[in-house]
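# Observations on chain architecture
Residues per chain, in single letters:
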Amino acid sequence: MKTQVAIIGAGPAGLLLGHLLRAEGIEAVIVDRVSADYVLGRIRAGVLERTTTDLMDRLGLGERMHAEGLPHDGFNLADGERLIHIDIAGLTGKQVMVYGQTEVTRDLMDAAPERGLQIIYGAENVALHDIESDAPYITFTKDGTEQRIDARFLCGCDGFHGPSRQAIPASIGQTFEKVYPFGWLGILADVPPCNHELIYANHAHGFALASMRSMTRSRYYIQVPLDDRLEDWPDDRLWDELAVRLGPNAASHITRGPALEKSIAPLRSFVFEPMRHGSLMLAGDAAHIVPPTGAKGLNLAASDVAYLSDALIRYFRLADNDAIAGYSDKALARVWKSERFSWQLTMLMHRFPDSGAFDRRVQVAELDYIASSVAAQTSIAENYVGLPL
Ligand code: FAS
Ligand code: PHB
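Residue indices begin from 1 for each chain and proceed along its sequence in written order. Chain letters start at A and ligand numbers start at 1, both assigned in the order the entries are written. Only residues with pLDDT of at least 70 are given local features in this predicted model, and only at 80 or more are side-chain atom pairs given and counted; all residues enter the totals for whole chains, interfaces and linings. Hydrogens and water are ignored here; the side-chain numbers use all heavy atoms of the structure.

## Concerning the sheet that holds strand β8 (residues 118–120)
Pairing between the strands of a sheet is mediated by backbone hydrogen bonds and can be parallel or antiparallel. One bridge is not enough; two strands pair if DSSP finds at least two bridges between them. Each helix corresponds to a stretch of at least 4 residues labelled H or I by DSSP, and each strand to a stretch of at least 2 residues labelled E; elements are numbered beginning at the N terminus. If you walk across this open sheet you meet the six strands as β8-β2-β1-β12-β19-β18, and the pairing is mixed. Strand pairing shows two members of the sheet lacking a second neighbour, β8 and β18 (276–277), which therefore form its edges. Across the sheet, helix α10 (residues 297–318) touches β1 (5–8), β12 (153–156) and β19 (280–282), and the angle it forms with β12 is around 175°. Note on contacts: a residue pair qualifies if any of its non-hydrogen atoms lie within 4.5 Å across the two residues. Where helices are involved, their axes are fitted lines through C-alpha atoms of the stretch in contact, as for all axes, and angles between N-to-C directions lie from 0 to 180°.

## Side note on the site of ligand 1
Nearness is defined per residue: one heavy atom within 4 Å of the molecule or strand is enough. Taken together, 28 residues lie near ligand 1, and Asp32, Arg42, Arg44, Gln101 and Asp285 sit nearest. Proline 12 is positioned with one of its backbone polar atoms (N or O) 3.3 Å from an oxygen atom of ligand 1. N or O atoms within 3.5 Å of each other form a polar contact, as long as, within protein, one can give a hydrogen and the other can take it, and as long as residues adjacent in sequence are counted only when both atoms are side-chain atoms. Residue aspartate 32 places a side-chain N or O atom 2.7 Å away from an oxygen atom belonging to ligand 1. Compared with its free state, where it exposes 990 Å², ligand 1 has 85% of that area covered by protein. Working definition of accessibility: Shrake-Rupley area with a 1.4 Å probe, residue cover restricted to the visible protein chains.

## Section: the site of ligand 2
Around ligand 2, a shell composed of 14 residues is seen, among which Tyr200, Ser211, Arg213, Tyr221 and Pro292 lie nearest. One of the backbone N or O atoms of arginine 44 is found 3.5 Å from an oxygen atom in ligand 2. A distance of 3.3 Å separates an oxygen atom of ligand 2 from a polar backbone atom of alanine 295. Surface burial for ligand 2 is 98%, taken as the share of its 280 Å² of free accessible area covered by protein chains. Of all the secondary structure elements, the ones that give two or more residues to the shell around ligand 2 are β15 (206–212) and β16 (218–224). Ten residues, namely Ala, Val, Leu, Ile, Met, Phe, Trp, Tyr, Cys and Pro, are considered nonpolar, four, namely Asp, Glu, Lys and Arg, are considered charged, and the remaining ones, Gly among them, are considered polar. Of the residues that constitute the shell around ligand 2, the class distribution is eight nonpolar, three polar and three charged.

## Considerations on helix α13 (residues 374–385)
Expected span of a helix: the number of residues minus one, times 1.5 Å. Helix length check: α13, at 12 residues, gives a terminal C-alpha distance of 16 Å against a target of 16 Å (1.5 Å per residue), a fit within 8%. Here α13 has its buried residues at Ala376, Gln377, Ile380, Ala381, Asn383, Tyr384 and Val385. N-cap assignment for α13: the residue whose side-chain oxygen lies 3.2 Å from the backbone N of alanine 375 is serine 373. Just downstream of α13 lies glycine 386, where phi reads positive at about 110°. Burial here depends on accessible area, computed with a 1.4 Å probe over protein chains only, as a share of the maximum for the residue type. Under 20% is buried, over 50% is exposed, and the range in between is partly exposed.

## Structural notes on the pattern of salt bridges
In what follows, salt bridge is the name for a side-chain nitrogen of Lys or Arg lying within 4 Å of a carboxyl oxygen of Asp or Glu. Counted by the stated rule, this structure contains 21 salt bridges. We note a salt bridge from aspartate 368 to arginine 82, for which the minimum N-O separation is 2.5 Å. Linking aspartate 368 in helix α12 (residues 357–372) with arginine 82 in strand β6 (residues 82–86), this pair joins segments that are 286 residues apart in sequence. As a salt-bridge pair, arginine 106 and glutamate 103 come within 3.1 Å of each other at their nearest N and O atoms. Of this pair, arginine 106 and glutamate 103 both sit in helix α6 (residues 101–111), three residues apart, which is roughly one turn of that helix.

None of the figures reported here should be taken as evidence of function without further support.
Below, the structure written as structure tokens:
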């Protein structure tokens, strides 16, 4: 098979990129090693920046998002009894959209056939070849048969564990990483949210987050030690701990229910540079990971492919190589700002095993400053709602 752009990975990055290219008549094929159902079964992000919702609207795929999503004007930082409201709409003029990554992925998948976006699921042993040439290709096995796709460019949208980043020679790539000494235990339940906006809580027991997917489906998280296992957290224990960490007011509004999904995810900050080598470009988790505290993971994937699709469109439409050459630096400039914000909010809202009294006083002082300063709240608000592209 021959195409113009071969995309590895049918998560949000790969699907958004494929649609943005097809909308401009550029040939693109996506391969993914798992099934469509498996991709939809992954419970991930919940908050969309304006950048991401604008891309869905640009593709004409935002109808269900606007019908079922929840536009939010703000969120809250809780520290014991104190609740600091960050008025993102009042401070930035923008909102965020609460609409699960699963639904974004579903909307993008459903629209693929009618828009000529071919997605090959069950593509095993994907390998990238000749990425330093102008004629790269990928090979994979599908139903036991070896397949090959030749393309002008390969786009690695295959997440943190995919093969694309590994295809860039170690002598070229540089990684920057910070691993946090805790994970997030998440629960999804068909119960109404305890609050109409998100609450990020810093408690002596650790971090907690009250989020949602709709007014009837809630998503909660608590910080847990890295060696905790799901069996250590039966639903009742988790609901009890959420009530303690979110504080008495939120606790009085928590509705308990059976977990539809429960999982523990480790937290890390990770960046791989460069995001382009030869005819291979990386986007999304293939190039970077953020702790979910700042709700940036999915949204960074979206901003990467906004830059990448623009560069590819300019190449194929205008024979302009400059945007391709400039992709990595442009994407990384925004990646690092989101990495900083996600790290800052993680340091502010979590309790670290090795932190002492000084560290806690600094957290309290920073929360005091945020509570008392419009400038500090504006800085948080403009990062949370998404910096301009
Ligand atoms: P994805 O990982 O979503 O997609 C990569 C795709 O590549 C997958 O479909 C995979 O099957 C495919 N692939 C991998 N290896 C392959 C191979 N060898 N061959 C072919 N295909 C291959 N972000 C938030 O903003 N908020 C959150 O609450 C949040 N929670 C998260 C929880 C977990 C457990 C994880 C892992 C991530 C979470 N994230 C969250 C981040 C997440 O939303 C990512 O940022 C987002 O999925 C990035 O999208 P992609 O870059 O498309 O990568
Ligand atoms: C979620 O709803 O899954 C969610 C929301 C905000 C975050 C992280 C996760 O910062």
